Amino acid sequence: MIMTLVLAGSLAVAPLSDAEIKRALLTAKDFGKGTAVLVLNQDSGILSTFRVDHARCMEALKGYDAVFGGKRPSAWTFGKVAALHQVFTGNAATIKSLKAAASKVGPACHGQVGFRGESSFKRKKVANLGDATYAFEVTFDYVPYGLGGNATYVSEFVVVAYKSAVILYSGQSDKGHSTWPTTVKNAKKAVAKLKKVYANRG
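Please read all numbers here as calculations on a predicted model, not as lab measurements.

**Q** Explain a nonpolar patch on the surface here, please?
**A** Together, L38, L40, W76 and F78 give the surface a local cluster of nonpolar side chains, amounting to about 320 Å² of exposed area. At the level of elements, β1 (35-42) and β2 (72-79) are the ones that each hand at least two residues to the nonpolar patch. Assignment of secondary structure puts L40 in strand β1. In this structure L40 comes out as partly exposed when scored by relative accessible area, which is 31%.

**Q** Is there a simple way to think about the pairing of strand β6 (residues 151-162) in this case?
**A** Here is the key point about a regular strand: its side chains alternate between the two faces of the sheet. Within β6, 11 of the 12 residues are buried, which leaves it mostly tucked inside the rest of the structure. In the sheet, strand β5 (residues 132-142) pairs with β6 via 11 bridges, with the strands oriented antiparallel. Bridge pairing links D141 to T152 in β6. Bridge analysis of β6 against strand β7 (residues 165-173) gives 9 bridges, and the strand direction is antiparallel.

**Q** I would appreciate a short explanation of the packing of helix α4 (residues 55-68) against helix α5 (residues 92-109) in the present structure.
**A** Relative placement of two packed helices is described by the angle separating their axes and the distance separating the axes. One way to put it is that α4 packs onto α5 with a least axis distance of 8 Å and a crossing angle of 150°. Our classification of the angle between α4 and α5 gives roughly antiparallel. The interaxial crossing formed by α4 with α5 has left-handed handedness. Side by side, α4 and α5 meet where R56, C57, A60, L61, G63, Y64, V67 and F68 of the first sit next to S97, L98, A101, A102, K104, V105, P107, A108 and C109 of the second.

**Q** Would you take a moment to explain the state of the cysteines for this structure?
**A** Here, disulfide denotes a covalent bond that connects the sulfur atoms of two cysteines. Following the criterion strictly, the structure yields 1 disulfide and no others. Between the sulfur atoms of C57 and its disulfide mate C109 the distance is 2.1 Å. Across the S-S bond of C57 and C109 the torsion is about 105°, and the bridge reads as right-handed. In this pair, C57 is assigned in helix α4 and C109 in helix α5, connecting sequence segments 52 residues apart. Here C57 and C109 have matching classes, each one buried.

**Q** Explain the pattern of salt bridges to me, please; I cannot follow it from the model alone.
**A** Side chains that differ in charge, positive against negative, can pair when their charged atoms come close. Applying the stated criterion across every chain, the model contains 4 salt bridges. Between E137 and K122 there is a salt bridge; the shortest N-O distance is 3.9 Å. Of this pair, E137 sits in strand β5 while K122 sits in strand β4 (residues 119-123), and the two are 15 residues apart along the sequence. Residue E137 is classed as buried on the basis of its relative accessible area of 6%.

**Q** Would you mind showing me how to read unusual backbone geometry here?
**A** For residues that are not glycine, phi is negative in most cases, and the peptide bond is trans in most cases. You will see that K163, though not glycine, has its phi angle at about 55°, which is positive. For K163, a relative accessible area of 40% translates into the label partly exposed.

**Q** So what exactly am I meant to see when it comes to the packing of aromatic side chains here?
**A** The description of an aromatic ring pair rests on the distance of the ring centres and on the angle between the ring planes. One pass over the structure, following the stated rule, counts 10 aromatic pairs. Plain terms: the ring middles of Y162 and Y198 are 5.6 Å apart, the flat faces sit at 70° to each other, and that makes the pair edge-to-face. Residue Y162 is located in strand β6, and its partner Y198 is located in helix α6 (residues 180-199); the two are separated by 36 residues in the primary sequence. Side by side, Y162 and Y198 carry an identical accessibility label, which is buried. Three or more aromatic residues joined by ring pairs form one cluster here, namely Y64, F68, F88, F136 and F157. When the ring centre of Y162 is taken as reference, the NZ or CZ atom of K195 above it lies at 5.3 Å.

Reading the values: rules and limits
Residues numbered from 1 in each chain as written. Predicted model: local features only at pLDDT ≥ 70, side-chain atom pairs only at ≥ 80, totals over all residues. Heavy atoms only, no water. Patch = residues over 30% accessible without salt bridge, like charges linked within 9 Å, V, L, I, M, F, W, Y side chains within 5 Å. Areas by Shrake-Rupley, 256 points an atom, 1.4 Å probe, with all protein chains shown as cover. Salt bridge = Lys/Arg side-chain N within 4 Å of Asp/Glu carboxyl O. Helix = DSSP H or I, 4+ residues; strand = E, 2+ residues; numbered from the N terminus. Buried < 20%, exposed > 50% of the residue type's maximum accessible area, 1.4 Å probe, protein only. Pairing = 2+ DSSP bridges. Axes fitted to C-alpha atoms, helices over the stretch in contact; angles between N-to-C directions. Parallel < 35°, antiparallel > 145°, perpendicular 65-115°, else oblique. Left-handed = near helix turned anticlockwise from the far one by under 90°. Contact = heavy atoms within 4.5 Å. Disulfide = S-S within 2.5 Å. Phe/Tyr/Trp six-rings, centres within 6.5 Å; stacked < 30°, edge-to-face > 60°. Lys NZ or Arg CZ within 6 Å of the ring centre and 35° of its normal.

Dropping the structure here:
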């Protein structure tokens, strides 16, 4: 038993360093012409602000925010592609809690509609891109700055766990329609970049 524990400990993958997280973030070069990227500290723990009258869904949203919330270095894009990309890291317990929280949102909230019909949730299907992959979509109404009337915003979340990291890639559109193929394509780029960071450890 002692030998088993020692071996398990020796196989644990160390969390990413700050420098490795920076290298794992997508850049303007990864998106191509027409997309700019700002790296700034962002908090993505906002799902529970979309209040729904459904206890299981609300619990999942609060659980997600509890572990994914907090400001951290993020790649925020605008232009041809609008998105948010973040990289989380930690020990095995941290990764387990991130995976557990991400895994609950889609199943618990699929088909749920927020108060006054201002938001809705949908589970999305995507191939496994790492050790585990979860995906869901949030659609909500908002008032464009300086303009009258409501518009619809679509935010698509792909969460991928790989070794001692979890990436969040959120494709976004203020046009009221899905950009899912683009979201999946860029999530794959984010995973490939993360895997390269681990490969470069030697």
